[in-house]
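Residue-level structural notes
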Amino acid sequence: EADIYQTPRYLVIGTGKKITLECSQTMGHDKMYWYQQDPGMELHLIHYSYGVNSTEKGDLSSESTVSRIRTEHFPLTLESARPSHTSQYLCASSDILGGKAFFGQGTRLTVV
Amino acid sequence: GENVEQHPSTLSVQEGDSAVIKCTYSDSASNYFPWYKQELGKRPQLIIDIRSNVGEKKDQRIAVTLNKTAKHFSLHITETQPEDSAVYFCAAKDNQGGKLIFGQGTELSVKP
């Protein structure tokens, strides 16, 4: 079944650790996005990609980085995690027209 | 870039009543406006969308209206049920590359 998969679902790590949040989609979509969301709160766009080798920063400044080497894969990396990075990270994808976007289950990150 | 404002932030209605959530957008060139429902602990799910070439769209108990001149669009839920309780997000597709920019969210509570 076509879907968007995020791993891990939950992650608790110590300050200063490097982490990568995985996002893969089998929707055949060109566009992919990362949103940051605190519980029940606004969805802030932090990164997006129009296709392979295309990445842009979103409206909310983030210390994370992303890569898009394969169409279906859009990982997000934090080089040195801090407590301020504690949040939920949602990955999404949409077709080339940028219309209907579908979300993954999210990764809930806690940095202690 | 696009900016989306959503009101109210919380909305409480009695079961069977109607609920209306309103959004305004800033970029007159935006042409796609989806609505998402996010239940507690789950991912946002697309529930209805509208493109700028139509003024209204309906799907069973939910409808969306769009006023391009005033740059606002609204979600209408009729005959509300307790399972409609969730956070609802509006969004507008940024004409500069097709990013989806979200409103702040509305927490809808339907009391039985």
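Considering the sheet that holds strand S8 (residues 76-78) of chain A
Residue and element names in this part refer to chain A. Read across the sheet, 4 strands follow the order S1-S3-S8-S7 without closing on themselves; strand pairing throughout is antiparallel. Edge positions in the sheet fall to strand S1 (4-7) and strand S7 (65-66), since each of these pairs with one other strand and no more. Bridging between strand S3 (residues 19-25) and S8 involves 3 bridges; their strand directions are antiparallel. Within S8, the residue paired with Leu21 across the bridge is Leu76.

A closer look at the nonpolar core
Formed by 40 residues in total, the largest nonpolar core has its most connected members in Tyr35 of chain A together with Trp35, Phe73, Leu100, Phe102 and Leu108 of chain B. No other element matches strand S9 (residues 86-93) of chain B, which puts 7 residues into this core. Once you skip the residues sitting within four places of it in the chain, Phe73 of chain B turns out to touch Ile21, Lys22, Cys23, Tyr25, Phe33, Trp35, Thr65, Leu66, Cys90 and Ala91 of chain B. Core analysis: the second largest hydrophobic core is formed by 17 residues, Val66, Leu76, Leu78 and Ala81 of chain A among them.

A short note on the packing of aromatic side chains
Applying the stated criterion across every chain, the model contains 12 aromatic pairs over all chains. The interplanar angle of 45° and the centroid separation of 4.6 Å between the aromatic rings of Tyr25 of chain B and Phe33 of chain B together place this pair among those described as tilted. Pairwise contacts between aromatic rings join Tyr33, Tyr35 and Phe103 of chain A together with Tyr36, Phe89 and Phe102 of chain B into one cluster.

Description of unusual backbone geometry
Residue Thr7 of chain A is joined to Pro8 of chain A through a cis peptide bond whose omega torsion reads -5°. Along the polypeptide, Pro8 of chain A turns up in the loop between S1 and strand S2 (10-13). For the bond running from His7 of chain B to Pro8 of chain B, omega is -5°, close enough to zero to count as cis. When you line up the elements, Pro8 of chain B lands in the loop between strand S1 (4-7) and strand S2 (10-14). If you check the backbone angles, Asn53 of chain A has positive phi at about 65° while not being a glycine. Among the structural elements, Asn53 of chain A can be located in the loop between strand S5 (44-51) and strand S6 (54-57).

Description of the sheet that holds strand S6 (residues 56-59) of chain B
Residue and element names in this part refer to chain B. On the basis of which strands lie adjacent, the open sheet formed by 5 strands has the order S1-S3-S8-S7-S6 and antiparallel pairing. Each edge of the sheet is formed by a strand with only one pairing partner; in this case those strands are S1 and S6. When strand polarity is set aside, the average angle formed by the axes of neighbouring strands in this sheet is 15°. Summarising the sheet, strand S7 (residues 62-67) and strand S8 (residues 72-77) pair through 6 bridges and their orientation is antiparallel. Following the sheet pairing, Thr65 is matched in S8 by Ser74.

About the cut-offs
Counting from 1, residues in each chain are numbered in the order their sequence is written. Chain letters start at A and ligand numbers start at 1, both assigned in the order the entries are written. Residues qualify for local features only when their pLDDT is at least 70, as the model is predicted, and side-chain atom pairs are given and counted only at 80 or more; totals for whole chains, interfaces and linings, by contrast, use all residues. Hydrogens and waters are ignored; side-chain quantities use all the structure's heavy atoms. Any two strands are treated as partners once DSSP identifies two or more bridges connecting them. Helix and strand assignments come from DSSP, with helices taken as H or I runs of at least 4 residues and strands as E runs of at least 2, each series counted from the N terminus. Only buried Ala, Val, Leu, Ile, Met, Phe, Trp, Tyr and Cys residues count toward a nonpolar core, and they belong to the same one when joined by side-chain atoms within 4.5 Å. Relative accessibility thresholds used throughout: buried, under 20% of the residue-type maximum; exposed, over 50%; partly exposed, between the two (1.4 Å probe, protein chains only). The contact criterion used is simple: two residues touch if any of their non-hydrogen atoms lie within 4.5 Å. For Phe, Tyr and Trp, where Trp contributes only its six-membered ring, two rings pair if their centres lie within 6.5 Å, and the inter-plane angle classes them as stacked under 30 degrees, edge-to-face over 60, or tilted in between. Angular values range over 0 to 180 degrees, each being the angle between N-to-C directions of two axes fitted as lines to C-alpha atoms, with helices fitted over their stretch in contact.

The values reported here are purely geometric and, on their own, carry no functional implication.
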